[in-house]
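One-letter residues, chain by chain:
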Amino acid sequence: MKAQLPHPEHYSYLVHRKQRNTQVILPVILSALLMIGMVVLISFATFKSGGDVGRWAAISTIWIIIPILLAGLIVLALLIGGIYLMARALGALPHYTGIAQDYAYKARGYIIRGADMAAKPILAINDLIENIKAFLGRISTP
């Protein structure tokens, strides 16, 4: 025997079910019926005697191209918006990029100084070792 889960009967759940039926399921069913009806209508108009197949092929091509054109229009609008924003930003950017370059130049100086300070003990030890080797090399050669 399967256990039955309790069904919520509160107001928000009932409203959700009603909205699901009217806002999701009903439009999907109506769209599917409309598409099936259009397919049947177009099939009867095209394939019965005297139907103009070339005309219906052109109409089908138009209906296929329309979404592509709409997507292209959206992309075009986004590109125009981006160009407009970049043109507006270029008025303020030179001042702020100059400030950013000044800070980058200062940071470069600190980074080079820090790297030199980190490498200085190692270079001093290597220099000392080379001096010792040179000194010992002079002593051992008569």
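See the structure shown above.
Computed from a prediction, not measured in an experiment: that's the story for all the values here.

Peer 1: Would you explain the overall build of the protein in this entry?
Peer 2: Helix and strand counts for the protein stand at two helices and zero strands. C-alpha atoms of the protein, sized along the principal axes, occupy 115 × 60 × 45 Å. Put simply, the protein has 142 residues, and 1% of those count as buried. Accessible area for the protein stands at about 13,100 Å²; split by element, carbon and sulfur atoms hold 73% of it. Charged side chains of the protein number 13 positive and 6 negative; the gap between the two group centres comes to 13 Å.

Peer 1: Please clarify how the layout of surface pockets should be interpreted in this entry.
Peer 2: Rolled over the atoms, a probe as big as a water molecule pinpoints where empty space is left. When its volume is computed, the largest pocket comes out at roughly 200 Å³. Broken down by secondary-structure element, the contributors of at least two residues to the lining of the largest pocket are helix H1 (11-47) and helix H2 (53-140). For the lining of the largest pocket, a count of residues per class yields seven nonpolar, one polar and no charged.

Peer 1: Just checking my understanding: could you explain H1 for this structure?
Peer 2: One turn of an α-helix holds 3.6 residues; hence residues three or four places apart share an orientation. Taking 1.5 Å of rise per residue, 37 residues should cover 54 Å, and H1 covers 53 Å from first to last C-alpha, within 8% of that figure. If you look at H1, its biggest bend is around 35 degrees, right at isoleucine 25, and the proline proline 27 turns up within four residues after that.

Peer 1: I keep staring at a nonpolar patch on the surface and nothing clicks. Help me out?
Peer 2: A cluster of nonpolar side chains, namely Val24, Ile25, Leu26, Val28, Ile29, Leu30 and Leu33, defines an oily patch on the protein surface of about 620 Å² accessible area. Inspection of the secondary structure puts leucine 33 in helix H1.

Peer 1: How should I be thinking about H2 in this particular structure?
Peer 2: Taking 1.5 Å per residue as the helical rise, H2 with its 88 residues ought to reach 130 Å, whereas the 105 Å between its terminal C-alpha atoms falls clearly short. At alanine 92, H2 shows its largest kink, close to 45 degrees, and the proline proline 94 lies no more than four residues downstream.

What counts and what doesn't
- Residues numbered from 1 in each chain as written.
- Predicted model: local features only at pLDDT ≥ 70, side-chain atom pairs only at ≥ 80, totals over all residues.
- Heavy atoms only, no water.
- Helix = DSSP H or I, 4+ residues; strand = E, 2+ residues; numbered from the N terminus.
- Buried < 20%, exposed > 50% of the residue type's maximum accessible area, 1.4 Å probe, protein only.
- Areas by Shrake-Rupley, 256 points an atom, 1.4 Å probe, with all protein chains shown as cover.
- Lys, Arg positive; Asp, Glu negative; His and termini not counted.
- Charge placed at Lys NZ, Arg CZ, Asp CG, Glu CD.
- 1 Å grid on protein atoms, 1.4 Å probe; cavity = no way out; pocket = protein on both sides within 12 Å on 5 of 7 lines; lining within 4 Å.
- Points joined across faces, edges and corners; volume = space filled by probe spheres on them.
- Nonpolar A, V, L, I, M, F, W, Y, C, P; charged D, E, K, R; others polar.
- Expected span 1.5 Å × (residues − 1).
- Bend = angle between axes of the 7 residues up to and from the residue.
- Patch = residues over 30% accessible without salt bridge, like charges linked within 9 Å, V, L, I, M, F, W, Y side chains within 5 Å.
- Salt bridge = Lys/Arg side-chain N within 4 Å of Asp/Glu carboxyl O.

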